[in-house]
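Given next are the chains, with one letter for each unit.
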Amino acid sequence: MPKPRKYYEAIPVGRMKVDPKMNAQRQFQPKWANKLFKIWDREVLLPALVSRRADGDYVLDGQHSNDVARRKEGPEFPRDCMVYEGLTMQQEAKLFLAANRDRRAVKPYENFKVAVTAGEIEAVKIDADVLSCGLHVSSGTSKDGIAAIQALKVINGMREPQDGLLPRTLTTVLNSWGREPTTWDGMMLRAVALVIHKNWDTIDLDSLSLTLKQASVREWKDAAMNDTISGGGSQSRSIPLANNIAYEYTVQFGEQYGAAFGIPKRKNLKKVSNTV
């Protein structure tokens, strides 16, 4: 069997095809394509993998970004491609696996640090907010290091970043439990941010810190898990957790500062002094 040829070539995205019968191609995912559409940058578009057959050029890896390129730039947009000629179906499948399965997944922390270096607005803002609290984003949670990167992103996006929700959240939990690894739990950070966000004009952060002190992070989380169907994920459990926090805050400080949002069934938690 002759060895397949390979070479680089710029091919108009409208000319590349997808073989629906080809096992070496993933199913098209509109949600993923729409996500790529929102962050489109033609300057960082990587080459597609293409199998050049007798009846045309078939994309092995890159169909989602090709779809975005057609929508953003038009079908004549030339995309750099690594082109292979003379591939069997088995060889096409191996190439697809090499491009997608057989490589180490990039960890969230690595992506975040690269994004900061690249000057991406979200990452730079989050990094600055965390540093302003005497903390840092890290690959593993420590007394001063936060590894809950997804939680930081969610909080950053709850309000306009310049409002300062993220540093307010970090300062509040820091005043509650101090510089301990458990303080930077992603589910707890989301929940505290929700309470502050929903009660932005009325919440007293010192009183909120006192409210949080009445139980450990683990105790708060266990109570929230009991309120979540099938346990849920950290995102879904943060909502009942936020409601529980809001309830305890309202019980202790509602007369002074007004009720916080969401008043579910009260949990049996240890109480602390309500002295501010």
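Calculation notes
- Residues numbered from 1 in each chain as written.
- Predicted model: local features only at pLDDT ≥ 70, side-chain atom pairs only at ≥ 80, totals over all residues.
- Heavy atoms only, no water.
- Phe/Tyr/Trp six-rings, centres within 6.5 Å; stacked < 30°, edge-to-face > 60°.
- Helix = DSSP H or I, 4+ residues; strand = E, 2+ residues; numbered from the N terminus.
- Buried < 20%, exposed > 50% of the residue type's maximum accessible area, 1.4 Å probe, protein only.
- Lys NZ or Arg CZ within 6 Å of the ring centre and 35° of its normal.
- Contact = heavy atoms within 4.5 Å.
- Pairing = 2+ DSSP bridges.
- Axes fitted to C-alpha atoms, helices over the stretch in contact; angles between N-to-C directions.
- Salt bridge = Lys/Arg side-chain N within 4 Å of Asp/Glu carboxyl O.
- Parallel < 35°, antiparallel > 145°, perpendicular 65-115°, else oblique.
- Left-handed = near helix turned anticlockwise from the far one by under 90°.
- Nonpolar A, V, L, I, M, F, W, Y, C, P; charged D, E, K, R; others polar.
- Arc of directions from axis to C-beta.
- Core = buried A, V, L, I, M, F, W, Y, C linked by side-chain atoms within 4.5 Å.

Draft legend 1. View of the packing of aromatic side chains. Summed over all chains, the structure comprises two aromatic pairs. Arranged with centres 5.7 Å apart and planes meeting at 40°, the rings of Tyr249 and Phe253 form a pair that is tilted. Placement of both Tyr249 and Phe253 in helix H11 (residues 234-257) is noted, with a separation of four residues, approximately one turn of the helix. Summarising the burial analysis for this pair, Tyr249 and Phe253 share the class buried. The ring of Tyr58 carries the charged tip of Arg53 above its face, separated from the ring centre by 4.2 Å. We note Arg168 situated over the ring of Trp200; from NZ or CZ to the ring centre the distance is 4.1 Å.

Draft legend 2. Fine view of the side chain of Thr169. Here Thr169 is to be found in helix H7 (residues 165-177). A residue is classified by how much of its surface remains accessible, and Thr169, at 0% relative accessible area, is buried. Setting aside residues up to four positions removed in sequence, Thr169 forms contacts with Ile155, Leu189, Val192, Ala193 and Ile196.

Draft legend 3. Structural view of the sheet that holds strand E4 (residues 78-85). Overall, mixed pairing links the four strands, which are arranged E1-E4-E2-E3 in an open sheet. Of all the strands in the sheet, the pair left with one neighbour each is strand E1 (5-12) and strand E3 (56-61). Between one strand axis and the next, the sheet turns through 40° on average, direction left out of account. Here E1 runs beside E4; their pairing, made up of eight bridges, is antiparallel. By the bridge assignment, Tyr8 is partnered in E4 with Met82. Of the strands in this sheet, strand E2 (48-53), E3 and E4 touch helix H3 (residues 89-100), which is tilted by about 40° from E3.

Draft legend 4. The arrangement of the pattern of salt bridges in detail. Enumeration according to the criterion identifies 14 salt bridges in this entry. Lys125 is the partner of Asp129 in a salt bridge, and the nearest nitrogen-oxygen pair spans 3.3 Å. Taken as a pair, Asp129 and Lys125 lie in helix H5 (residues 121-132) at a separation of four residues, close to a single helical turn. Take Asp129: its relative accessible area is 7%, and that puts it in the buried class. Owing to a relative accessible area of 29%, Lys125 belongs among the partly exposed residues under this scheme. Three or more residues are tied together by salt bridges with common partners; here these are Glu9, Arg15, Arg52 and Asp57.

Draft legend 5. Region of interest: the packing of H7 against helix H9 (residues 205-212). Packing of H7 against H9 leaves a shortest axis separation of 8 Å and a crossing angle of 45°. In this view, H7 runs oblique relative to H9, as classed from their interaxial angle. Between H7 and H9 lies a crossing of right-handed hand. On H9, the residues that touch Arg168, Thr172, Val173, Asn175, Ser176 and Trp177 of H7 are Leu205, Leu208, Ser209 and Leu212. When its residues are assigned to classes, the contact of H7 with H9 shows five nonpolar, four polar and one charged.

Draft legend 6. Inspection of helix H6 (residues 149-158) at higher detail. All of the buried residues in H6 are Ile149, Ala151, Leu152, Ile155 and Asn156. One face of H6 carries all of its buried residues, which in axial projection span an arc of 155°. Its buried side turned inward, H6 meets helix H4 (108-117), H5, strand E5 (136-137), strand E6 (145-146), H7 and helix H8 (186-198).

Draft legend 7. Highlighting the environment of Gly86. Take Gly86: it is sitting in the loop between E4 and H3. By relative accessible area, Gly86 is classed as exposed at 53%. Residues Gly86 and Lys3 lie 83 residues apart in sequence; the distance between their C-alpha atoms is 7.6 Å. Once residues within four sequence positions are removed from consideration, Gly86 is found in contact with Pro4, Arg52 and Gln91.

Draft legend 8. Local environment of the nonpolar core. Counting 47 residues, the largest nonpolar core has Val130, Ile146, Leu170, Met188, Leu208, Leu212 and Ile245 as the members making the most contacts within it. For this core, the secondary-structure elements that each account for two or more residues are H4, H5, H6, H7, H8, H9, helix H10 (217-226) and H11. Here this core gets nine residues from one element, more than from any other, and that element is H8. Among residues more than four places away in sequence, those in contact with Leu170 are Val130, Cys133, Leu135, Ile146, Trp184 and Leu189. In this structure, Tyr7, Ile11, Trp40 and Ala48 belong to the second largest nonpolar core, which totals 14 residues.

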